[in-house]
Amino acid sequence: MKMFAFKPIYGRSIALTGIICLLCLSAMAQTPAKKPVAAKPVAGVVVAKPTAAAKSVPAIIDAFFKKYKEKGADTAIDYLFGTNKLLANLPQLTVLKKKLDSLQQSAGKYVGHELIVQKSSSPSLFLYSYLVKFENQPYRFTFMFYKPQNEWELYRFKYDDQMDAELEEAGKINNKHP
């Protein structure tokens, strides 16, 4: 078996090349990320993209509730559904916006929200359920987020007012009527 002997100069060149490569990779990793591109108007509607600060699921949800309180359902829904390019321009969003606006007419003014449960089936799929407090009655908003690559996006959203029935059922012994 033949052994290859490198002269000392080759060893230093290889080591120097390796160090330069590591420094280049380190410098590339520290370059700032590209700024998000502003949303383009689609049929007269501008879909708001999450800001750079809203990278985590709780931050996206908090921004949604802030927009819901301050600017109404239209802005909040555009923001939330804007996290997923497949859902951002659904025709059903207009209906959803109207229904969420009508909640405040029937349930009263939006007062706040509280986390009910947070669950995950994997590091890439999360469910958050919130008690949404209105002056006259509570609702539940359920958000499901999916992270296919690097960014979280809305996967499912629904709301309902069935918490009281579920809570009552959970309070029964062995799920039998008292």
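Structural data are supplied above this passage.
This structure is a prediction, so every number in the text was calculated from the model and none was measured.

### Let's talk about the sheet that holds strand S6 (residues 153-160)
Sheet strands line up and pair through hydrogen bonds in the backbone, either parallel or antiparallel.
Then comes step 1: If you walk across this open sheet you meet the four strands as S3-S4-S5-S6, and the pairing is antiparallel. Two strands in the sheet have a free side with no partner beyond their single neighbour: strand S3 (110-122) and S6. Adjacent strand axes in the sheet meet at a mean angle of 20 degrees when their direction is disregarded.
Then comes step 2: Bridge analysis of strand S4 (residues 125-134) against strand S5 (residues 138-146) gives nine bridges, and the strand direction is antiparallel.

### Digging into the pattern of salt bridges
Then comes step 1: This structure, assessed with the given rule, holds five salt bridges.
Then comes step 2: In this structure, Asp-78 and Lys-97 form a salt bridge, with 2.7 Å as the shortest nitrogen-oxygen distance. Note that Asp-78 is positioned in helix H3 (residues 73-81) and Lys-97 in helix H4 (residues 92-106), a separation of 19 residues in sequence. Both residues of the pair, Asp-78 and Lys-97, belong to the buried class.
Then comes step 3: Lys-172 is the salt-bridge partner of Glu-169, the closest N and O atoms lying 3.4 Å from each other.
Then comes step 4: Taken together, the salt bridges that share partners define one network made up of Arg-140, Asp-160 and Glu-166.

What counts, and at which threshold
For every chain, the first residue of the written sequence is number 1, and numbering continues from 1 along that sequence. Since the coordinates come from a predicted model, pLDDT governs what is reported: local features require at least 70, and pairs of side-chain atoms require 80 or more to be given and counted, while whole-chain, interface and lining totals use all residues. The side-chain numbers reported here are obtained from all heavy atoms of the structure, hydrogens and water having been left aside. When DSSP finds at least two bridges between two strands, those strands are taken to pair. Only DSSP runs of H or I covering at least 4 residues are called helices, and only runs of E covering at least 2 are called strands; the numbering of each starts at the N terminus. The axes used here are C-alpha line fits, helices contributing only the stretch in contact, and every angle between their N-to-C directions lies in the interval 0 to 180 degrees. The rule for a salt bridge is simple: a side-chain nitrogen of Lys or Arg has to be within 4 Å of a carboxyl oxygen of Asp or Glu. Residue exposure (1.4 Å probe, protein chains only): buried if accessible area is under 20% of the type maximum, exposed if over 50%, otherwise partly exposed.

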